[in-house]
Amino acid sequence: MFVYADNAATMPLSPAALSAMRPFLEENYGNASSIYSVARDARRALEDARRTIAGALGAAPEEIYFTAGGTEADNWALVGACEAKRNQGGQGGQRDRGGRGAQDGRHMIVSAIEHHAVLHTAQHLQKQGFELTVLPVDKLGRVAASQVQEALRPDTVLVSCMTANNEVGTIQPIEEIGRLCHASGVWFHTDAVQAIGHIPLDLSSLPVDMLSLSGHKFGGPKGIGALFLRRGVRLPPLLHGGGHERGLRSGTENVAGAVGMAAALRESTLGMAEDIRRTSAMRDRLIAALSAIPYAFLTGDPENRLPGNASFVFACVEGESLVLNLDMAGVCASSGSACSSGSLDPSHVLLALGLPHEVAHGSLRLTISGDTTPEQVDYLISQVIAAVARGRAMSPLWDAAAQKPIQ
Ligand SMILES: *Cc1c(COP(=O)(O)O)cnc(C)c1O
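All of these numbers come straight from a predicted model, not from anything done at the bench.

(A) How the structure looks around helix α8 (residues 272-291). With 20 residues, α8 extends 27 Å from end C-alpha to end C-alpha; this agrees with the ideal 28 Å at 1.5 Å per step. Every buried residue of α8 is listed here: M272, T279, S280, M282, R283, L286, I287 and L290.

(B) Spatial organisation of the sheet that holds strand β3 (residues 107-111). In spatial order, the strands read β2-β8-β7-β6-β5-β3-β4; together these seven strands make up an open sheet with mixed pairing. A strand with exactly one partner marks an edge of an open sheet, and here the two such strands are β2 (64-67) and β4 (131-135). Each adjacent strand pair in this sheet contributes to an overall mean axis angle of 20°, direction not counted. The sheet contact formed by β2 and strand β8 (residues 225-229) spans four bridges and is antiparallel. Across the sheet, residue Y65 finds its bridge partner in β8, namely L227. Lying over the sheet, helix α2 (residues 37-57) contacts β2 and β7 (210-214), oriented at roughly 115° with respect to β2. Sheet strands in contact with helix α6 (residues 174-183) are β5 (156-160) and β6 (187-191), and its direction is about 155° off that of β6.

(C) Structural detail: the site of the ligand. Neighbouring the ligand are 13 residues; T71, D191, Q194, S214 and K217 lie closest to it. Here an oxygen atom of the ligand and a backbone polar atom of G70 are 2.8 Å apart. Side-chain polar atom of S214 to an oxygen atom of the ligand: 2.6 Å apart, as the coordinates give it. In isolation the ligand has 380 Å² of accessible area, and contact with the protein removes 87% of it. No other element matches helix α3 (residues 70-85), which puts three residues into the shell around the ligand. Residues of the shell around the ligand, tallied by class, amount to two nonpolar, eight polar and three charged.

(D) Representation of the pattern of salt bridges within the structure. Under the definition given, this model contains 19 salt bridges. For the salt bridge of E131 with R153, the shortest nitrogen-to-oxygen distance reads 2.7 Å. Of this pair, E131 sits in strand β4 while R153 sits in the loop between α5 (145-151) and β5, placing them 22 residues apart in sequence. The partly exposed category is assigned to R153, whose relative accessible area is 28%. A salt bridge links D155 to R153; the nearest nitrogen and oxygen atoms lie 3.0 Å apart. One salt-bridge network, in which partners are shared between bridges, spans R43, E47, R50, E245 and E253.

(E) How the structure looks around the nonpolar core. Ranked by internal contacts, the top residues of the largest apolar core, which has 63 residues, are L57, F66, V159, I177, I196 and L211. The element that contributes the greatest number of residues to this core is helix α7 (residues 255-270), accounting for eight residues. Counting 28 residues, the second-largest nonpolar core is a separate cluster that includes A5, A296, V384 and V388.

(F) Looking closely at the state of the cysteines. This structure, assessed with the given rule, holds zero disulfides. The closest cysteine sulfur to the non-disulfide-bonded C161 is located on C181, 9.0 Å from its own sulfur. When its relative accessible area of 2% is taken as the criterion, C161 is described as buried.

(G) Broad picture of a nonpolar patch on the surface. A cluster of nonpolar side chains, Y29, Y36 and V38, forms an exposed patch at the surface whose accessible area comes to about 360 Å². Tracing the backbone shows V38 in helix α2. Classification of V38 by relative accessible area gives partly exposed; the value is 32%.

(H) Representation of the sheet that holds strand β10 (residues 309-314). The three strands are arranged β9-β10-β12 in an open sheet whose pairing can be described as antiparallel. Here the strands that pair on one side only, and so sit at the sheet edges, are β9 (296-298) and β12 (363-367). Averaged over all pairs of adjacent strands, the angle between their axes in this sheet comes to 25°, without regard to strand direction. Looking at chain direction, β9 and β10 are connected through three bridges and run antiparallel. Bridging across to β10, L298 finds its partner in F312. Strands in contact with α8 are β9, β10 and β12; relative to β10, the strand with the most contacts, it is inclined by about 10°.

(I) Quick look at the packing of α2 against α7. Here α2 crosses α7 at 30°, and the two axes come no closer than 9 Å. As judged from the angle between their axes, α2 and α7 are roughly parallel. Here α2 runs over α7; the crossing is left-handed. Contact with α2, carried on its side by A42, A45, L46, A49, T52, I53, A56 and L57, involves V255, A258, V259, M261, A262, L265, R266 and T269 of α7 and no other residues of that element. Counted by class, the contact of α2 with α7 contains 13 nonpolar, two polar and one charged residues.

(J) Inspection of the pairing of β5 at higher detail. Here β5 lies mainly inside the structure; five of its five residues are buried. Alignment of β3 against β5, held across four bridges, turns out to be parallel. In the strand pairing of β5, M108 is matched with L158.

Definitions and limits used
- Residues numbered from 1 in each chain as written.
- Predicted model: local features only at pLDDT ≥ 70, side-chain atom pairs only at ≥ 80, totals over all residues.
- Heavy atoms only, no water.
- Helix = DSSP H or I, 4+ residues; strand = E, 2+ residues; numbered from the N terminus.
- Expected span 1.5 Å × (residues − 1).
- Buried < 20%, exposed > 50% of the residue type's maximum accessible area, 1.4 Å probe, protein only.
- Pairing = 2+ DSSP bridges.
- Axes fitted to C-alpha atoms, helices over the stretch in contact; angles between N-to-C directions.
- Contact = heavy atoms within 4.5 Å.
- Near = heavy atom within 4 Å.
- Polar contact = N/O pair within 3.5 Å; in protein donor to acceptor, adjacent residues only side chain to side chain.
- Areas by Shrake-Rupley, 256 points an atom, 1.4 Å probe, with all protein chains shown as cover.
- Nonpolar A, V, L, I, M, F, W, Y, C, P; charged D, E, K, R; others polar.
- Salt bridge = Lys/Arg side-chain N within 4 Å of Asp/Glu carboxyl O.
- Core = buried A, V, L, I, M, F, W, Y, C linked by side-chain atoms within 4.5 Å.
- Disulfide = S-S within 2.5 Å.
- Patch = residues over 30% accessible without salt bridge, like charges linked within 9 Å, V, L, I, M, F, W, Y side chains within 5 Å.
- Parallel < 35°, antiparallel > 145°, perpendicular 65-115°, else oblique.
- Left-handed = near helix turned anticlockwise from the far one by under 90°.

This is the structure in structure tokens:
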């Protein structure tokens, strides 16, 4: 049997997205900025895609800027906000709402469990002279709104907190955090790459100024994403050139990518309620069965978690060896995030949850989707149990006779 259980790393391209894209990869190859008819068709499709995405998010089409993915959207939000506020004091944007008068912005707040696209960008800005507060999380991976409140300063430019974590699936209280930011006139960015297309989000009511999304995390193609910039939030361009995307993001438009992403988002939005019900029921069964393994611990919030996420740490096994073992059984899973595999350091997310290094090394993330079948879940359960047992049988730290970790 083959089971793809790494949907948080990427999802297969949905057939609806592929067929929507096809014409723009084949006959309709026009550059959307040219003026003859083939190009006008491409332009129309691009703007239709923008409308579809905006509609699914509760945003206006002119608030959606296409990017080359989630990483670019995150980079743009952080770098752009810092640049916009560096020497502007109280001018522009929502900073005025706090009525704090002019003061140069030089401080930024992010959570400790952000994706590296946010965390490393924040650290880069710190090297440029910005001050950075990295907020801790509790053992379930939750950011406390009260800690955001305490970290806010008169010169805070931006708070960035992800909507849902890619490794442990914890969903954050972004509405509460956004409200606090707005009460102080501070911009709020959320990396919603893992949330969009999977859980409901409505930007018409959420106090969010900037939001990042990525096509391939909900059945669209790779290499396309978007940054939502609420009306009134003005960022300088990240990329300079021909002035595409209303002068803010130059580069010939990826029409097929945008069309595919829009088709995938439309599909996942329509099927979302049913998908959540189906996927979370399978996830709960997976969690219950794997929790019965001795010295297995669920990571992340057991209540407020993404519908498809079942992430664990198992004492006395290496996550990497579990992944390789499962691969031989036809199961695709991950240990930590895809980006950090290949490095020997355990994931920054698991360490931020307070797990000791040696425990964090035994992490396994299974992320299923609405296309996963109950038979595949049965297979996953049996294969993970077998892989953990095999790993422990070879571990010098595991006392097979007593079936427990050797202290
Ligand atoms: C995948 C991911 C990204 C990066 O998106 P890309 O489109 O792959 O660049 C950013 N943030 C989170 C939370 C992700 O899961």
